[in-house]
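# Analysis of the macromolecular model
What follows is each chain in one-letter form.
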Amino acid sequence: MREIRYREALREAIAEEMERDDRVFIVGEEVGRYQGAYKVTEGLFDRFGDRRVIDAPIVEGGFAGVGVGAAMVGLRPIVEFMTWNFSAVAFDQILSNAAKVRQMSGGQFTCPIVFRGPNGSARQVGSQHSQSMEGFYAHVPGLKVVAPAFPRDAKGLLKAAIRDDNPVCVFESETLYNVRGEVPEPEAGDLIVEIGKAHVPHPGTDVTIVSWSRITLVAMQAAELLAKEGISAEVVDLRSLRPLDEETIVASIAKTHRAVVAHEGWPYGGVGAELVDRIQRLAFDELDAPILRVTGADVPMPYNAKLEQWCLPQPQAIAEAAKKVAYRA
C-alpha cells in the first residue's frame, strides 16, 4: 500500500487498462502532447503514441460522437471532457446515442464507452464552469454514473468502467485531483471496485449522512464536529449513483434511524431528492425523524470567493442538519 494523488490513481487505471486491452484508447482536448489539462494523462502519449492518445479539437460533440461510433464497432474508448460542464455540447451524443443504442438495436450493438473528467466547483471559475452535472446524467436510463471520493475508488471504479459493456460516466471532483490516499501497489493484483456498491468510510450509530464525491470528505469533517458533541455520525459514500446501492443505505438507517443527504449539486430535482424518496419508501418504518438535505445553493455559482463558499455545503451546515434530525439543540 502506498499513498498517491487522486489524479495519479486515475492515470494508473487508464495505463493498466491500455496495457491489458489494445482496444482501449483515450480522446479529448489536450490529453496527449500537453499531457492533460489536469495532468491525469501525463506520460501516456509518449508511452502509447498518437493512435491511442488522441488530441481532439475543441468540439465535444464531434469527439464524443467519434467515441460512440468506435465503441459500436468494438473499440473501448475513454472520452475526456476538459470539464463536465463542456459535456453539454455533447449531450445529444450521450443521451440519444450512447445511452440508447443497445436497446434500439435490440442488443445488436453495445456501447462500451467511458466519459470522464472534472466535475463540480473549483475555485472561482465562474458559474459556467462550476456546475455539478452528475444529476443530469443519472437521470438517463442506459447510462451508469459513478463519482468517487477517494484515490483508491477512483482507480478501481475507472478500471471497472473501462471493462463495462455499457456507457459509464465518471465524475471526478476538480478539487480532489491533488488529494492523496492509500492505493494498493499494482503488484498486489487487479484493483476493481464494483459499480453499484457503496461503502462506509466513517461508521456511526446516531445519524446517517449519505453523500458522494468531494462532499463525502466534507461529511466526514462534519462527523468529526458532531463527535465533539457526543453524536456518532455514519457516513455512507455512494460511489455509484446509477446503479444505486439501496441495501447499504437502508442498512445504515436501520442502525441510526436518522438521515441527512449532502451533495454539491442544486436541490431541485437532483440526486438528493431521489435519495430522499427512496429512503422514505424503503426505510420508512426505521425513520425516527424527517430526512434533511444539505445541497449547493439554488443559484448559478457566483465568482466572488466568499459567496462561492456560501453556496457550497460546509461541514458546519451538515453537522447542524444532523443535530436537527437527532433532536439535539
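Provided above is the structure to which this section pertains.
Just so it is clear, the structure is predicted and the values come from calculations on it, not from any experiment.

Turning to the overall build of the protein, a few remarks are in order. Tallying secondary structure elements over the protein gives twelve helices and 14 strands in all. Scaling as 2.2 N^0.38, a compact globule of 329 residues should have a C-alpha radius of gyration of about 20 Å, and the protein matches this with 20 Å. Split into buried and exposed, the 329 residues of the protein put 56% on the buried side. Contacts in the protein between residues at least 24 apart in sequence constitute 81% of all its contacts with a sequence separation of at least 6.

Attention now goes to the pairing of strand 13 (residues 259-262). Burial along strand 13 is two-sided: the face carrying A259 and V261 and the face carrying V260 and A262 are both buried. Summarising the sheet, strand 10 (residues 207-211) and strand 13 pair through three bridges and their orientation is parallel. Bridge pairing links T208 to A259 in strand 13. In this structure, strand 13 lies alongside strand 14 (residues 292-294), joined through three bridges in parallel fashion. Following the sheet pairing, V261 is matched in strand 14 by R293. Crossover connection from strand 13 via helix 10 (residues 271-282) to parallel strand 14: handedness right-handed.

A separate point is the environment of F86. As for its position among the elements, F86 is in the loop between strand 4 (76-80) and helix 4 (91-98). By relative accessible area, F86 is classed as partly exposed at 23%. Sequence-wise, F86 and A64 are 22 residues apart; in three dimensions their C-alpha atoms are separated by 11 Å. Excluding residues within four positions of it along the chain, F86 makes contact with E29, E60 and H129.

Turning our eyes to something else, we now look at the pattern of salt bridges. For the coordinates displayed, the defined rule picks out 28 salt bridges. Two residues, R23 and D21, come together in a salt bridge whose shortest N-O distance is 2.8 Å. Taking relative accessible area as the criterion, R23 reaches 36% and is therefore assigned partly exposed. Across the salt bridge formed by D55 and R33, the nearest N and O atoms sit 4.0 Å from each other. Of the two residues, D55 is situated in strand 3 (residues 53-55) and R33 in the loop between strand 2 (24-28) and helix 2 (44-48); the sequence distance between them amounts to 22 residues. Overall, the relative accessible area of 31% leaves D55 in the partly exposed class. Look at the salt bridges and you will find they share partners, linking R2, E12, E16, E17, R20, K155, K159, R163, E185 and D190 into a network.

All right, on to the side chain of N119 then. Its location among the elements puts N119 in strand 5 (residues 114-119). At 2.8 Å, the side chain of N119 forms a polar contact with the side chain of E134. Leave out the neighbours within four places in its chain, and N119 touches W84, Q131, S132, M133, E134, F171, E172, S173 and E174.

Take the sheet that holds strand 14 next. Spatial ordering of the open sheet is given by 9-11-10-13-14, a layout of five strands whose pairing is mixed. In this open sheet, the two strands that pair with only one neighbour each are strand 9 (199-202) and strand 14. Within this sheet the neighbouring strands show an average axis-to-axis angle of 30 degrees, counted without direction. Bridging between strand 9 and strand 11 (residues 233-237) involves two bridges; their strand directions are antiparallel.

Now for the layout of surface pockets. Looking at the largest pocket, its volume works out to about 270 Å³. Forming the walls of the largest pocket are G135, A138, H139, L241, R242, P243, L244, G269, G270, V271, E274 and R278. Elements represented by at least two residues in the lining of the largest pocket include exactly helix 6 (134-138), strand 12 (240-242) and helix 10. When residues in the lining of the largest pocket are grouped by element, the largest group, three residues, is from helix 10.

What follows covers the nonpolar core. Counting residues in hydrophobic clusters, the biggest one holds 46 residues, and the most contacted among them are F81, W84, F115, Y137, L238 and L275. Elements with a minimum of two residues in this core: strand 2, helix 3 (60-72), helix 4, helix 6, strand 7 (168-173), helix 9 (246-256), strand 13 and helix 10. Examining the composition of this core, we find that five residues originate from one element, helix 3, more than from any other. In this structure L238 touches K197, A198, V210, S211, W212, L244, I249 and L275, once residues within four positions along its chain are discounted.

This part is about helix 8 (residues 214-227). With 14 residues, helix 8 ought to run about 20 Å at 1.5 Å a step, and its terminal C-alpha atoms sit 21 Å apart, in line with that. Turning to helix 8, its buried residues number three or more, namely R214, I215, T216, V218, A219, A222, A223 and L226. Residues of helix 8 that are buried sit in contact with strand 7, strand 9, strand 10, strand 11, strand 13 and helix 12 (315-325).

Cut-off values and rules
- Residues numbered from 1 in each chain as written.
- Predicted model: local features only at pLDDT ≥ 70, side-chain atom pairs only at ≥ 80, totals over all residues.
- Heavy atoms only, no water.
- Helix = DSSP H or I, 4+ residues; strand = E, 2+ residues; numbered from the N terminus.
- Rg over C-alpha atoms; globule rule 2.2 N^0.38 Å.
- Buried < 20%, exposed > 50% of the residue type's maximum accessible area, 1.4 Å probe, protein only.
- Contact = heavy atoms within 4.5 Å.
- Pairing = 2+ DSSP bridges.
- Right-handed = clockwise from strand over helix to strand, strands pointing away.
- Salt bridge = Lys/Arg side-chain N within 4 Å of Asp/Glu carboxyl O.
- Polar contact = N/O pair within 3.5 Å; in protein donor to acceptor, adjacent residues only side chain to side chain.
- Axes fitted to C-alpha atoms, helices over the stretch in contact; angles between N-to-C directions.
- 1 Å grid on protein atoms, 1.4 Å probe; cavity = no way out; pocket = protein on both sides within 12 Å on 5 of 7 lines; lining within 4 Å.
- Points joined across faces, edges and corners; volume = space filled by probe spheres on them.
- Core = buried A, V, L, I, M, F, W, Y, C linked by side-chain atoms within 4.5 Å.
- Expected span 1.5 Å × (residues − 1).

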